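Coordinates in review
Listed here are the chains, written in short residue letters.
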Amino acid sequence: MRLRIEQRQEPSAQMRIAAPVIATALTFLAGSVLFAALGYDPLATLHAFFVAPINSINGLSEWLLKASPLILIACGLAVGFRANIWNIGAEGQLIIGAIAACGVGLFYPNPESPLLIPLMFLAGAGAGMAWAAIPAFLRARMNTNEILVTLMLTYIATLLLSFLVHGPWRDPAGFNYPQTALLPAAAMFEPFDYSYRLNPSIFITAVAVVIMWLFTDRSFLGYKMSVSGAAPLAARYAGFRESSAVWTGLLAGGAAAGIAGMAEVAGPLGQLSPQISPGYGFAAIIVAFIGRLNAFGIVLGGLLMSLLFLGGETVQMTLGLPAALTRIFQGILLFFLLAADFFIYYRLRLPEHA
Amino acid sequence: MDLFVAIFTGTIIAATPLIFAALGELVVEKSGVLNLGLEGMMLMGAAFAFWAVIAGLPMPVAIAAGALAGAATSLLFGALALTFLTNQYAAGLALAIFGSGVSAFLGRGFGSTPIDALKRVHVPFLSDIPVVGPMFFRFDPMVYLAIAMFGLITWFLYRTKGGLILRTIGESPETSHAIGYPVIRIRYLAVLFGGLMAGLAGAYLSVAYTPLWVENMTAGKGWISLALVVFATWRPLRVLIGAWLFGGMTILQLQGQALGIAVPSELLSALPYLATIIVLVIISQNRQLLTLHFPASLAKPFRAAS
């Protein structure tokens, strides 16, 4: 007897919601198997990975702190993904945003100016957008694949950051460490409570989520972009210009990533070093997908992904497991999610004549 | 003259991993499937080959282990893209992230000591010819294997019935299915072959090129290989030429760094990535050339109607 795959009459609404939940559950299951195979008690390790990190106020603060950039970037990226614009270089846009914001913070003539934070915000957003404008221009005007260009620009951004912190921007009083001087206090978000690191930049993310929701669900441009993504020919027939979708999609992602970079440097980091992001830009792609490219889903996806980062760090410290586990979990989660999506459109049927 | 020979041989060697990965991807894309996960498959190949070497296995076995690791990883992508009909872009990205994670996980026990690199062979008599000998006849066997794979793939794609079927499927899976070709099975084979080649590319990096394990040691070579396939407008000979061009660029910037040219090393290191962008832009201007050999069904999920 063989199971038969059958196309559903129409996509299943229940499966659309259930798929991320199933994928998450399967990821936990795969995680337990992996831990058991490595010789660790699966339940205790899962606890150490997913519960212990957020078992305290500090843990909760760290959870939100890491979720914030993920959600912010995913919101920006989802705008493009809806129109099939594949910006996978958010990591580079984040780095450029952080560089620009840190530059303003370090070199603005008055280090106590209350204008510093707003200026850094604009610098971060502007730099992220400028970095994303390169692939946007090349795709819209030069017909060049944006996947590869955004990715190549990420490598270049990483090298630029390395150049700056090893060279011209290195802190002269920093014992030759490759890092910039610390930002002045006025250039940093003040934490809610000095015992924890969570700071008001999460409100930026909250605003971004609302804007993203308004844009995708309530605006005509958002609608046009979804049409371009779902049915390019129909979009062209209706007179929607592809180039406007390209520009909107990439600039939204660039701005979001640049702002996230600014919030990192003006928040938990306080300075630039060669490694400023644990891969938020790449993980945000997964967050956007887990979140079904919609605002509410992205918030949940970001919280889940943040927990993966946090859990990876925790088991590295407590159990000596490598941090690479985080990336493995990210990959597995995306695998399961994509596979679970299949059942939105198809179902398994027992053959009638068994 | 010595410098010229050094640059020439360096170019050929630096191009070898790109040739493996890009030619494999070419076959995959010719069947109408886009696997963006080259980086992940290469890292798996690199990790397993390195692992086999430090476990004391002979070099050919280690390289085969790398190739098989790449192929096994590609099956994950195949299952998602071909059986579960997922978005191929997303499935490829997931593979890239997953492969980098798993390889880093495996590699934590490898230590940082270099291994004995794959030995170069001196082709008898020929390698003794002045200039020509050192230029062409003193490479390690995988350099020659890469060239042989180029010949094999060109022959297969354009001179055999199997190649014709593969290309037909890439153009129109619906028609091919109607004629009676097993579209999904052939696409699986293409994806597996692509994984095998990416695994070889990774193995070359870790046991011959750098003979060292470094986390994420591919440093974007998988993505550059993807760009090469576009650059080559889906033709094998152009893949070869493109890979040599990039190999040359890598070597020139390394030579530049070694000579201590008064340019920051990061800027020089950025050159290959910058060049990739420029080359993509140039090639994208000729839309006719791009569409001529472009597999019409690329990245579109296919499921047999009946």
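Counting restarts for each chain, with residues numbered from 1 along the sequence as it is written. Working convention: letters from A go to chains and numbers from 1 go to ligands, in the order in which they are written. Local features are withheld for residues below a pLDDT of 70 in this predicted model, meaning they are given only at 70 or higher, and side-chain atom pairs are given and counted only at 80 or more; totals for whole chains, interfaces and linings count all residues. Remark: hydrogens and water are excluded; side-chain values derive from all non-hydrogen atoms of the structure.

Here we take up the overall build of chain A. Across its full length, chain A carries 13 helices and two strands. Taking 2.2 N^0.38 as the reference for a compact globule, 354 residues should give roughly 20 Å; the C-alpha atoms of chain A span a radius of gyration of 22 Å, in line with that estimate. Remark: exposure states derive from per-residue accessible area (1.4 Å probe, protein chains only) relative to the maximum for the residue type, with buried under 20%, exposed over 50%, and partly exposed in between. The burial tally for chain A puts 53% of its 354 residues in the buried class. Should any heavy atoms of two residues lie within 4.5 Å, those residues are counted as being in contact. Long-range pairs, those at least 24 residues apart, make up 78% of the contacts in chain A between residues at least 6 apart in sequence. In this description, accessible areas are obtained by the Shrake-Rupley approach with a 1.4 Å probe, and a residue is regarded as covered only by the protein chains that are shown. On chain A, roughly 15,500 Å² of surface is accessible, and the fraction owed to carbon and sulfur atoms is 66%. The helix and strand labels rest on DSSP assignments: H or I over at least four residues marks a helix, E over at least two residues marks a strand, and numbering proceeds from the N terminus. Two things to know: the radius of gyration comes from C-alpha atoms, and the globule rule equals 2.2 Å times the number of residues to the power 0.38.

Residue and element names in this part refer to chain B. For helices, the fitted axis covers only the stretch in contact; all axes are lines through C-alpha atoms, and the angles between them, taken along N-to-C directions, range from 0 to 180 degrees. Interaxial distance between helix α3 (residues 59-83) and helix α9 (residues 183-209) falls to 6 Å at its minimum, and their mutual angle equals 140°. By the angle class used here, α3 and α9 are oblique. Between α3 and α9 lies a crossing whose hand is right-handed. The class makeup of the residues in the contact of α3 with α9 is 17 nonpolar, seven polar and one charged. Working rule for angles: under 35 degrees goes down as roughly parallel, over 145 as roughly antiparallel, 65 to 115 as roughly perpendicular, anything else as oblique. Whether a crossing is left-handed or right-handed is set by the direction in which the near helix is turned from the far one by less than a right angle, anticlockwise for left-handed and clockwise for right-handed. Gly is placed with the polar residues, together with every amino acid not listed as nonpolar (Ala, Val, Leu, Ile, Met, Phe, Trp, Tyr, Cys and Pro) or charged (Asp, Glu, Lys and Arg).

Bringing the interface of chain A and chain B into the picture now. Tallying the contact residues gives 41 residues for chain A and 47 residues for chain B. In this description, buried area is defined as the sum, over both parts, of the accessible area (probe of 1.4 Å) that is lost when the two are combined. Each partner contributes to the roughly 3,800 Å² buried at the junction of chain A and chain B, and carbon and sulfur atoms together form 79% of this total. Taken as a group, Met-152, Arg-327 and Phe-335 of chain A account for 18% of the area that chain A buries against chain B, more than any other trio of residues on that side. For this document, the term salt bridge refers to a Lys or Arg side-chain nitrogen within 4 Å of an Asp or Glu carboxyl oxygen. If you look at where chain A meets chain B, you find one salt bridge. Residue Arg-327 of chain A is joined to Glu-215 of chain B by a salt bridge in which the shortest nitrogen-to-oxygen separation is 2.9 Å. Going through the elements one at a time, β1 (4-7), α5 (116-142), α6 (146-166), α11 (280-290) and α13 (325-345) of chain A are the ones with two or more residues in the side of chain A that touches chain B. Taken together, the residues of the side of chain A that touches chain B sort by class into 32 nonpolar, seven polar and two charged.

Turning to the pattern of salt bridges, a few remarks are in order. Residues and elements named next belong to chain A. Scanning the entire structure with this criterion turns up seven salt bridges over all chains. Between Arg-139 and Glu-242 there is a salt bridge, with the nearest N and O atoms lying 2.4 Å from each other. Placement of Arg-139 in helix α5 and of Glu-242 in helix α10 (residues 242-269) is noted, with a sequence separation of 103 residues between them. Counted as one network, the salt bridges with shared partners bring together Glu-62, Lys-66, Arg-197 and Glu-313.

Our next topic: the environment of Trp-213 of chain A. Residue and element names in this part refer to chain A. Position of Trp-213 among the secondary structure elements: in helix α7 (residues 201-218). The spacing of Trp-213 and Ala-25 is 188 residues in sequence and 27 Å in space, taken between C-alpha atoms. Beyond its immediate stretch of four places on either side in the chain, Trp-213 contacts Arg-218 and Ala-295.

Turning to the side chain of Arg-187 of chain B, a few remarks are in order. Residues and elements named next belong to chain B. Structurally, Arg-187 can be placed in helix α9. One buried charged residue, Arg-187, forms no salt bridge at all, with the nearest opposite charge on Glu-174 at 7.3 Å. Among all residues touching Arg-187, those that are not within four sequence positions of it are Ser-31, Gly-32, Val-33, Leu-82, Ile-169, Pro-173, Ser-297, Lys-300 and Phe-302. We count Lys and Arg on the positive side and Asp and Glu on the negative side, and we leave His and both chain ends out.

With that out of the way, let us pick up the packing of aromatic side chains. A pair of aromatic rings is counted whenever rings of Phe, Tyr or Trp (Trp by its six-membered ring) have centres within 6.5 Å, and the orientation is called stacked for planes under 30 degrees apart, edge-to-face for over 60 and tilted otherwise. Summed over the entire model, instances satisfying the criterion amount to 28 aromatic pairs over all chains. With a centroid separation of 5.6 Å and 25° between ring planes, the pair formed by Phe-81 of chain A and Phe-289 of chain A is classed as stacked. Placement of Phe-81 of chain A in helix α3 (residues 57-82) and of Phe-289 of chain A in helix α11 is noted, with a sequence separation of 208 residues between them. Both residues of the pair, Phe-81 of chain A and Phe-289 of chain A, count as buried. A ring pair is formed by Phe-192 of chain A and Phe-203 of chain A, whose centres lie 5.9 Å apart and whose planes are at 75°; its orientation type is edge-to-face. Taken together, the residues Phe-192 of chain A in the loop between α6 and α7 and Phe-203 of chain A in helix α7 connect sequence positions eleven residues apart. Grouped by ring-pair contacts, the aromatic residues Phe-28, Phe-35, Phe-49, Phe-50 and Phe-329 of chain A constitute a single cluster. The criterion is that NZ of a Lys, or CZ of an Arg, lies within 6 Å of the ring centre and within 35 degrees of the ring normal, and then a charge sits over that ring. Sitting over the ring of Phe-105 of chain B, Arg-108 of chain B keeps its end group 4.5 Å from the ring centre.

Right, let's talk about the nonpolar core for a bit. Nine residue types can take part in a nonpolar core, namely buried Ala, Val, Leu, Ile, Met, Phe, Trp, Tyr and Cys, and a core is a set of them joined through side-chain atoms within 4.5 Å. By size, the foremost hydrophobic cluster in this structure holds 205 residues, and its most contacted members are Ile-73, Leu-272 and Met-305 of chain A together with Trp-223 of chain B. By residue number, the principal contributor to this core is α9 of chain B, which donates 13 residues. For Leu-272 of chain A, the residues in contact, after removing those within four places along its chain, are Ala-98, Ile-99, Cys-102, Leu-161, Val-165, Trp-169, Pro-178, Gln-179, Thr-180 and Val-265 of chain A.

With that settled, consider α6 of chain A. Residues and elements named next belong to chain A. Every helix has an expected span of 1.5 Å times one less than the residues it contains. Taking 1.5 Å as the rise per residue, α6 with 21 residues should run 30 Å; its terminal C-alpha atoms sit 30 Å apart, in good agreement. Summarising burial for α6: 16 of the 21 residues are buried, a large majority. Definition of a polar contact: a pair of N or O atoms within 3.5 Å, with one able to donate and the other able to accept a hydrogen when the atoms are protein atoms, and with sequence-neighbouring residues admitted only if both atoms are side-chain atoms. The backbone nitrogen of Ile-147 has a side-chain oxygen 2.7 Å away, supplied by the residue at the start of α6, namely Asn-145.

So, about a nonpolar patch on the surface. Residues and elements named next belong to chain B. Together, Met-1, Phe-4, Leu-126, Ile-129, Val-131, Val-132 and Phe-136 make up an exposed nonpolar region whose accessible area comes to about 600 Å². Mapped onto the elements of the fold, Val-131 is located in the loop between α4 (88-107) and α5 (132-136). We classify Val-131 as partly exposed; its relative accessible area is 32%. What goes into a patch is any residue over 30% in relative accessible area without a salt bridge, connected to like charges within 9 Å or, for nonpolar side chains (Val, Leu, Ile, Met, Phe, Trp, Tyr), within 5 Å.

Bringing the environment of Met-249 of chain B into the picture now. Residues and elements named next belong to chain B. Residue placement: Met-249 occurs in helix α11 (residues 236-258). Residue classification places Met-249 among the partly exposed residues on the basis of a relative accessible area of 26%. Spatially, the C-alpha atom of Met-249 lies 20 Å from that of Ser-206, the residues being 43 residues apart in sequence. The contacts of Met-249, once residues within four sequence positions are left out, are Pro-272 and Ala-275.

On to the confidence of the model for chain B, then. Low pLDDT means the predicted coordinates in that region are not meant to be read closely. Looking at chain B, pLDDT values average 90 and 99% of them are 70 or higher. Model confidence for the complex: the whole-complex pTM is 0.89, and ipTM, which rates the interface, is 0.86. What pLDDT conveys is the predictor's confidence in a given residue, as a value from 0 to 100.

With that settled, the discussion passes to unusual backbone geometry. All names here are of chain B. The backbone phi angle of Val-131 is positive, close to 60°, even though this residue is not glycine. Even without being a glycine, Ala-299 presents a positive backbone phi close to 70°. Residue position: Ala-299 is located in the segment after α13 (287-292).

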